[in-house]
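What the coordinates show
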Amino acid sequence: MSKTINRREFLKRGSALVAAGSLPLSLVEVAFGKAAGENFTFAYISDSHITHVKGSEFVRNWDRGLIRAVAEANLLDPRPDFIFYGGDIAQLGKAEEIDHGLEILGGLNGKVHYVMGEHDYYLDLGDYWKKQLGPDHYSFDHKGVHFVVLNSILTFDDWTNNKWPTAAERMHQMARLDNPQGSPFMVGDAQREWLKTDLEKVGKDTPVVVFSHSPIQKIHKGWNFWTDDAEQVQALLKPFDKVTVIYGHVHQIQYNQIGNISFHSAMATAWPWPYPSTYTQVQTWLPKLTVEMNRADPFFERDATGWQFINLHTGNVDMSYMLPDNSNRVVAFDTRAGKPVDTKYQAVANRIPPQTHY
Ligand SMILES: [Fe+2]
Ligand SMILES: [Fe+2]
């Protein structure tokens with residue numbers, strides 16, 4: 001079905017949806033397809049961290065976040081052309097967790113594309129995920145836009161294969177947030193070779209959208225908000241006029257501009273992660289364009305898991321975040337500045353000091 005809408009109409013529909021509650025999904029409008037009248041939308045859901053307790057029991061809160069995202073995605077009108085899932089279906093990589101997550105996601109109407117998260121990978125090195133979902137890196141073209149999906153959560157072979165006595169121990173180590181025993185994520189040589197070949201056939205004026213799980217930029221190494229070969233991947237994307245990288249993993253709002261590439265994170269359906277400066281022991285590494293929001297209320301299970309509306313109008317991203325119990329925020333591409341800015345809070349004088357902790 002193809003129904004065209006203008007941006008004002010789309011935002012109006014977006015706010016009508018938000019009025020219905022906090023929606024843990026994102027809706028994306030792509031308004032720069034090469035052919036006229038081929039604007040389209042897609043929805044984005046990420047980081048469900050389905051957690052197996054025992055038998056048929058799973059952590060209820062995480063189940064509810066994903067169930068709600070699926071239900072809301074199915075109510076979108078006009079229908080999105082496809083849905084993207086940003087990784088970390090599972091918490092500890094178990095087949096039960098992946099199956100349970102996919103059963104819930106199976107309720108989505110429409111084609112779903114997936115990217116691998118580290119929580120899906122480090123138990124069996126992605127075997128079960130790939131058995132269920134297919135290759136971990138691929139590309140596709142849709143209405144004049146080239147989409148690339150990368151597995152960005154690989155790491156050094158020695159860490160993966162030789163350091164841990166069991167697969168479960170390896171998974172536990174990589175699942176920890178602040179872990180000196182961890183290892184930086186990377187896309188790796190093989191996928192970068194593949195990407196180079198894949199992009200050779202794409203015109204430089206074709207908009208390119210890259211989906212990864214970790215940011216293809218370096219934000220904070222201690223928490224693996226980091227991709228070790230980010231610069232090498234960015235170099236392959238540099239010849240293109242408009243590139244957008246959309247990633248999950250960080251469970252919070254981040255935006256940044258590096259040359260021709262704009263970076264935007266997606267919200268999670270599970271818990272929010274803290275900002276580095278809310279922990280006094282770590283240096284703030286957030287991209288300098290990102291304005292921190294206040295910490296979520298731990299007693300409100302959906303707080304800071306909101307959703308965002310993403311408008312890729314003319315190839316530049318405007319992002320509207322709808323945050324229950326936090327002020328809604330709009331990050332819009334400023335054509336004069338050549339980068340995205342927070343329309344309300346970017347000016348230092350307008351910012352609300354972040355809470356340090358509860
Ligand atoms: Fe995650
Ligand atoms: Fe992750």
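Residues numbered from 1 in each chain as written. Chains lettered and ligands numbered in written order. Predicted model: local features only at pLDDT ≥ 70, side-chain atom pairs only at ≥ 80, totals over all residues. Heavy atoms only, no water.

Examining the packing of helix H2 (residues 60–75) against helix H3 (residues 95–105)
As a reminder, the rule being used: Whenever a helix is involved, its axis is fitted only over the stretch in contact; in every case the axis is a line through C-alpha atoms, and angles between N-to-C directions fall within 0 to 180 degrees. Note on conventions: DSSP H or I runs of at least 4 residues are helices, E runs of at least 2 residues are strands, and numbering of each starts at the N terminus. Here the word oblique covers every angle except those under 35 degrees (roughly parallel), over 145 (roughly antiparallel) and from 65 to 115 (roughly perpendicular). Helix crossings fall into two classes, left-handed where the near helix is turned counterclockwise from the far one by less than a right angle and right-handed where it is turned clockwise. It only takes one pair of heavy atoms within 4.5 Å for two residues to be counted as in contact. Note on residue categories: nonpolar means Ala, Val, Leu, Ile, Met, Phe, Trp, Tyr, Cys or Pro, charged means Asp, Glu, Lys or Arg, and polar means any other residue, Gly included.
At their nearest, the axes of H2 and H3 sit 9 Å apart, and the two run at 30° to each other. Judged by the angle between their axes, H2 and H3 are roughly parallel. With respect to the hand of their crossing, H2 and H3 are arranged in right-handed fashion. When H2 is examined against H3, the residues Asp63, Leu66, Ile67 and Val70 are found in contact with a partner set consisting of His100, Gly101, Ile104 and Leu105. Residues that form the contact of H2 with H3 fall into these classes: five nonpolar, two polar and one charged.

Section: the pairing of strand S10 (residues 243–247)
Rule in force here: Only protein chains enter the accessibility calculation, which uses a 1.4 Å probe; a residue whose area is less than 20% of its type maximum is buried, one above 50% is exposed, and one in between is partly exposed. A pair of strands is labelled paired if DSSP reports no fewer than 2 bridges between them. With the strands pointing away from the viewer, any crossover whose connection runs clockwise from the first strand over the helix to the second is right-handed.
For S10, the tally of buried residues reaches five of five residues, placing the bulk of the element in the interior. Every second residue of S10 is oriented toward a common face, with Val243, Val245 and Tyr247 on one face and Thr244 and Ile246 on the other, all of them buried. Two strands pair when backbone bridges link them, and strand S9 (residues 208–212) and S10 are joined in this way by five bridges, in the parallel orientation. Among the inter-strand pairings, Phe211 is bridged to a residue of S10, identified as Ile246. A crossover links S9 with its parallel partner S10, the connecting element being helix H9 (residues 230–237), and its sense is right-handed. Relative to strand S12 (residues 261–265), S10 is paired through five bridges, and the arrangement is parallel. Residue pairing in the sheet places Val245 in a bridge with Phe263 of S12.

Some thoughts on helix H7 (residues 167–175)
Within H7 the residues assigned to the buried category are Arg170, Met171, Gln173, Met174 and Ala175. Where the residues of H7 are buried, they touch helix H4 (118–121) and helix H6 (157–162).

Considering the coordination of the iron ion (ligand 1)
This is how it is decided: Coordinating donors are taken as N, O and S atoms within 2.8 Å of the metal, stretched to 3.2 Å for Na, K and Ca; because water is absent from the atoms, sites can appear incomplete. Angle rules define the geometry names used: all angles between 85 and 135 degrees makes four donors tetrahedral, while opposite donors over 155 degrees apart and all other angles between 65 and 115 make four donors square planar and six octahedral, leaving every other case irregular.
Protein coordination of the iron ion (ligand 1) is provided by Asp47 (OD), His49 (NE2), Asp88 (OD) and His251 (NE2), with donor distances spanning 2.0 to 2.3 Å. Each of the four donor atoms bound to the iron ion (ligand 1) contributes to angles spanning 88 to 176°, and the resulting shape is irregular. Positions of the donor residues of the iron ion (ligand 1), expressed as sequence spacing, correspond to D-x1-H-x38-D-x162-H. Separation of the iron ion (ligand 1) from the iron ion (ligand 2) amounts to 3.4 Å, with Asp88 serving as a shared donor to the pair. Pair noted here: Asp47 is in the loop between strand S2 (40–45) and strand S3 (52–54) and Asp88 is in the loop between strand S5 (82–85) and H3, with a separation of 41 residues, a long-range link. By relative accessible area, which is 0% here, Asp47 ends up buried.

What to know about the environment of Val149
For Val149, the location among the structural elements is in strand S8 (residues 145–149). The exposure class assigned to Val149 is buried, which follows from its relative accessible area of 0%. Residues Val149 and Met116, 33 residues apart in the sequence, show an inter-C-alpha distance of 9.2 Å. When neighbours within four sequence positions are excluded, Val149 is seen to be in contact with Phe84, Tyr114, Val115, Asp136, His137, Tyr138, Phe140, Trp194 and Phe211.

Details of the packing of aromatic side chains
The geometry of an aromatic ring pair is captured by the separation of the ring centres together with the interplanar angle, meaning the angle of the planes. To keep it simple, the criterion reads: Side-chain rings of Phe, Tyr and Trp (the six-membered ring for Trp) are treated as a pair once their centres are within 6.5 Å; stacked means planes under 30 degrees apart, edge-to-face means over 60, and tilted covers the remaining angles.
For the structure shown, the criterion picks out 18 aromatic pairs. Ring centres 5.4 Å apart and planes at 90° place the aromatic pair Phe82 and Phe147 in the edge-to-face group. In this pair, Phe82 is assigned in strand S5 and Phe147 in strand S8, connecting sequence segments 65 residues apart. Each member of the pair, Phe82 together with Phe147, is buried.

Some details on the coordination of the iron ion (ligand 2)
Donor atoms from the polypeptide that bind the iron ion (ligand 2) are Asp88 (OD), Glu118 (OE), Glu118 (OE), His213 (NE2) and His249 (ND1), placed at 2.1 to 2.7 Å. Between consecutive donor residues of the iron ion (ligand 2), the sequence gaps follow D-x29-E-x94-H-x35-H.

Thoughts on unusual backbone geometry
With phi around 50°, His49 is a residue other than glycine that occupies positive phi space. Mapping His49 onto the fold places it in the loop between S2 and S3. Despite not being glycine, Leu125 has its phi angle at roughly 55°, a positive value. Within the element layout of this structure, Leu125 appears in the loop between H4 and helix H5 (127–133).

Examining the pattern of salt bridges
Heads up, the condition is: Note on definitions: salt bridges are taken to be side-chain nitrogens of Lys or Arg within 4 Å of carboxyl oxygens of Asp or Glu.
Tallied over the entire structure, the rule returns seven salt bridges. In this structure, Asp81 engages Lys143 in a salt bridge whose closest nitrogen and oxygen atoms are separated by 2.8 Å. With a gap of 62 residues between them, Asp81 in the loop between H2 and S5 and Lys143 in the loop between strand S7 (138–142) and S8 connect regions that are remote in the sequence. Taking the shortest distance from any N to any O, the salt bridge between Lys201 and Asp198 comes out at 2.8 Å. In this structure Lys201 comes out as exposed when scored by relative accessible area, which is 59%. Counted as one network, the salt bridges with shared partners bring together Asp189, Arg192 and Asp229.

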